[in-house]
Amino acid sequence: MGKSRNSRRRGVGDAAVVEAVDGGLAELIPDRDRSRGWTLLIDGAPQSYVDLDDPAHLSFEYQRRLGHVVDLVAPPGSPVHVVHLGGGALTLARYVAATRPRSTQQVVERDATLVQLVRRQLPLEPGTRIRVRSVDAREGLAKVPDGWADLIVADVYSGARTPAHLTSTEFLDEVRRALRPGGWYAANLADGPPLTHLRGQIATASARFAELALVADPTVLRGKRFGNAILVASDHPLPIPELTRRAASDPHPGRVEHGKPLTDFTGGATPVTDEAAVASPAPPPSVFR
């Protein structure tokens, strides 16, 4: 459990909520342009954005790209089984519930105090089939039945870094076990020059899945700046043309790499095992300015 500290409010109108959680200091900041929009920050780093009036609205760039994955994993509107490793403000789980009614979702968010804060301040719509487990992501994944999930999303950060034990082939073996045949895995990865972590994660996924795609800002792929990349993996062919079209139409257009160009991008990186795994690099302070 987190440190005990009473919520404090500041400002005018809808006040910010600031509260200590297990992972640091959480801030919920109201959006001046959307009457029920809120941004979640942990220790000053933006984590999630939620519009309670429009849960299908995805503000953050990487969340929009994960939204494209949700849109394409099954026919439009059909319910799916989704596992979210990392919960934040439950943004993507809300998106699935809004765009795919009757979906069943499991969220694994280790920070129990954060879950309580989000449930209290940003309550879920009644009837959403979202179960939240407050355990370690890999521990929670191990409890998912074999072949249960249509989609598993990994978006786990501790101190703005992906924990080492969620970067290995052994972790992806557990992901594959929980996925149905043809199911998809999507991971939010963050890296900067020289992109060693990102290349290693692509190599690791290619050792366990037949089909891969990577969606990112071109400047990130060129190693010009630190940023997010969405890795999508499956044993069945991915809808690359449609994913490419959607990424290109985003407010900040993304590029999709797949096939031989993606293999070449790894630059000879080798798969990561539990024994050799390390956490993703910490973002430079300038990222959050």
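By convention here, each chain's residues receive numbers from 1 onward along its written sequence. This being a predicted model, a pLDDT of at least 70 is required before a residue's local features are given, and a value of 80 or more before pairs of side-chain atoms are given or counted; all residues contribute to the totals for chains, interfaces and linings. Side-chain descriptors were evaluated using all non-hydrogen atoms of the structure, hydrogens and water having been removed beforehand.

## Considering the environment of Val-107
Then, in step 1: Strands here are runs of E lasting at least two residues and helices are runs of H or I lasting at least four, both read from the DSSP assignment and numbered beginning at the N terminus. Mapped onto the secondary structure, Val-107 falls in strand β7 (residues 104-108).
Then, in step 2: In sequence terms Val-107 and Trp-148 are 41 residues apart; their C-alpha atoms lie 14 Å from each other.

## Overview of unusual backbone geometry
Across the chain, the bulk of peptide bonds are trans and the bulk of non-glycine residues have phi less than zero.
Then, in step 1: The omega angle of the peptide bond from Pro-193 to Pro-194 is 10 degrees, so this bond is cis rather than trans.
Then, in step 2: Relative to the helices and strands, Pro-194 is located in the loop between β10 (179-191) and α6 (196-206).
Then, in step 3: With a phi close to 50 degrees, Asp-43 is a non-glycine residue in the positive phi region.
Then, in step 4: Position of Asp-43 among the secondary structure elements: in the loop between β4 (37-42) and β5 (45-51).
Then, in step 5: Partly exposed describes any residue whose relative accessible area lies between the buried limit of under 20% and the exposed limit of over 50%, with all areas from a 1.4 Å probe on protein chains only and scaled to the type maximum. Judged by its relative accessible area of 54%, Asp-43 falls in the exposed class.
Then, in step 6: At Leu-195, a residue that is not glycine, the phi angle is positive and equals roughly 65 degrees.
Then, in step 7: Note that Leu-195 resides in the loop between β10 and α6.
Then, in step 8: According to the relative accessible area criterion, Leu-195 is buried, its value standing at 1%.

## Quick word on the side chain of Gln-201
Then, in step 1: With respect to the secondary-structure elements, Gln-201 resides in helix α6.
Then, in step 2: Any two residues having at least one pair of non-hydrogen atoms within 4.5 Å are treated as being in contact. Apart from the residues within four sequence positions on either side, Gln-201 is in contact with Leu-166, Thr-167, Leu-189, Leu-231 and Val-272.

## Let's talk about the pairing of β7
Then, in step 1: Most of β7 sits inside the fold, with five of its five residues counted as buried.
Then, in step 2: Of the two faces of β7, the one lined by Thr-104, Gln-106 and Val-108 and the one lined by Gln-105 and Val-107 are each fully buried.
Then, in step 3: Pairs of strands are assigned from DSSP output, requiring at least two bridges between the strands. Relative to β7, strand β6 (residues 81-85) runs parallel, the two being bridged by five bridges. Counterpart to His-81 in the pairing with β7 is Thr-104.
Then, in step 4: Whether a crossover is right-handed depends on one test, that the path from the first strand over the helix to the second runs clockwise when the strands point away from the viewer. Taking the sense of rotation as the criterion, the β-α-β connection linking β6, helix α2 (residues 91-99) and β7 turns out right-handed.
Then, in step 5: Where β7 meets strand β8 (residues 130-133), four bridges bridge the pair, whose relative direction is parallel. Bridge pairing links Val-108 to Arg-133 in β8.
Then, in step 6: Note on the crossover from β7 through helix α3 (residues 112-121) to β8: the handedness is right-handed.

## Side note on the pattern of salt bridges
Then, in step 1: Any carboxyl oxygen of Asp or Glu within 4 Å of a side-chain nitrogen of Lys or Arg constitutes a salt bridge here. Inspection of every chain in the model, using the stated rule, returns 18 salt bridges.
Then, in step 2: Among the salt bridges present, the one from Asp-274 reaches Arg-138, with a minimum N-O distance of 2.8 Å. Taken together, the residues Asp-274 in the segment after α9 (259-265) and Arg-138 in helix α4 (residues 137-142) connect sequence positions 136 residues apart.
Then, in step 3: What you see here is one network of salt bridges that share partners, running through Asp-71, Glu-242, Arg-245 and Arg-246.

## A few points about the packing of aromatic side chains
Then, in step 1: Here a pair means two rings of Phe, Tyr or Trp (six-membered ring of Trp) with centres within 6.5 Å. Their orientation is stacked below 30 degrees between planes, edge-to-face above 60, and tilted elsewhere. One pass over the full model with this rule turns up three aromatic pairs.
Then, in step 2: When the ring of Phe-171 is compared with that of Tyr-185, the centres are 6.3 Å apart and the planes differ by 70 degrees; the resulting orientation is edge-to-face. Here Tyr-185 lies in strand β10 and Phe-171 lies in helix α5 (residues 169-178), a separation of 14 residues in the sequence.
Then, in step 3: According to the relative accessible area criterion, Phe-171 is buried, its value standing at 1%.

## With respect to the environment of Phe-60
Then, in step 1: Position of Phe-60 relative to the elements: it lies in the loop between β5 and α1 (61-72).
Then, in step 2: Here Phe-60 falls in the buried class, since its relative accessible area comes to 17%.
Then, in step 3: As for Phe-60 and Val-175, which are separated by 115 residues in sequence, their C-alpha atoms are 25 Å apart.
Then, in step 4: If sequence neighbours within four positions are ignored, Phe-60 has contacts with Thr-39, Pro-46, Gln-47, Ser-48 and Tyr-49.

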